[in-house]
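Structural overview
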Amino acid sequence: MSNTNAPAPELKLEVVTIPVSDIDRAKSFYTGLGWRLDADISGDNFRVIQVTPPGSPASVIFGQGNTVAPYFIVSDIVATQAELAARGVEVSEVYHFDEAGQRRSGPEPTRRSYASWASFKDPDGNPWQIQEVTHRLPGRVEAGDTVFTSSKELAATLRRAAAAHGEHEKRNGGQHDANWPDWYAEYIVREQAAQELPL
């Protein structure tokens, strides 16, 4: 590694992939354990199932024709890619996929959650993917949970809440909102639960 003094990038383990011999039997087994079924997606010669153990921030994927590498999520993929490169990792460029499914350079133009990627391999050739996630899809957060695993993640959420609150104050004649802590709290809880955000 070329620069171990660079800030260590924050990588949250999101998905691991496991081999199974019978997809439906595995699905029945894991959902029978009470694991949340996040996805069951089929296409030409592939099927991908994602399940999450109760209370776990990380999920498990299995299926057929599944080439998904285990991956991490980050709140700022551009910064993470730069931090990894500064530590001497041969990390790919940041990329996204257009509406036709074609890979394009750079983060997804609107920075939509789940849409921007990078990748790297360890010295033994094990592949890892990195995905930018700023807020979860509906159903991916347990009801009532509002959890932050780092100050960096909380700060990013507060920035989004501050920007949204600024728009809220503009819509209300530019008046200072003395109840801004309540508004921020409502925004943050709703965002994590993938509910409609306050106006």
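Residues numbered from 1 in each chain as written. Predicted model: local features only at pLDDT ≥ 70, side-chain atom pairs only at ≥ 80, totals over all residues. Heavy atoms only, no water.

**Observations concerning the packing of aromatic side chains**
The description of two aromatic rings rests on the distance between their centres and on the angle between their planes. Where we set the bar: Centres within 6.5 Å make a pair out of two Phe, Tyr or Trp rings, where for Trp the six-membered ring is used; the pair is then stacked when the planes are under 30 degrees apart, edge-to-face when over 60, and tilted otherwise. The helix and strand labels rest on DSSP assignments: H or I over at least four residues marks a helix, E over at least two residues marks a strand, and numbering proceeds from the N terminus. Burial classes follow relative accessibility: with a 1.4 Å probe on protein chains only, a residue under 20% of its type's maximum area counts as buried, one over 50% as exposed, and anything between as partly exposed.
According to the stated counting rule, one finds 8 aromatic pairs in the structure shown. Seen from their ring centres, Trp-183 and Tyr-187 are 5.6 Å apart, and the 20° between their planes marks the pair as stacked. With Trp-183 and Tyr-187 both in helix α4 (residues 180-192) and 4 residues apart, the pair spans about one turn of that helix. Of the two residues, Trp-183 and Tyr-187, neither departs from the other in class, the shared state being buried. Taken together through their ring pairs, the aromatic side chains of Phe-29, Tyr-30, Trp-35 and Phe-62 make up a single cluster.

**Thoughts on the sheet that holds strand β6 (residues 95-97)**
Where we set the bar: Strands are labelled as partners when DSSP assigns at least two bridges between them. Axis geometry follows a simple rule: fit a line to the C-alpha atoms, using only the stretch in contact for helices, then measure angles between N-to-C directions, giving values from 0 to 180 degrees.
A sheet is described by the order of its strands in space; here 9 strands give the open sequence β2-β3-β4-β1-β5-β9-β8-β6-β7, paired in mixed fashion. Taken across any chain shown, the strands that pair with only one partner, and hence form the sheet edges, are β2 (36-43) and β7 (103-105). Neighbour to neighbour, the strand axes of the sheet diverge by 25° on average, direction disregarded. The sheet contact formed by strand β1 (residues 12-17) and strand β5 (residues 71-74) spans 3 bridges and is antiparallel.

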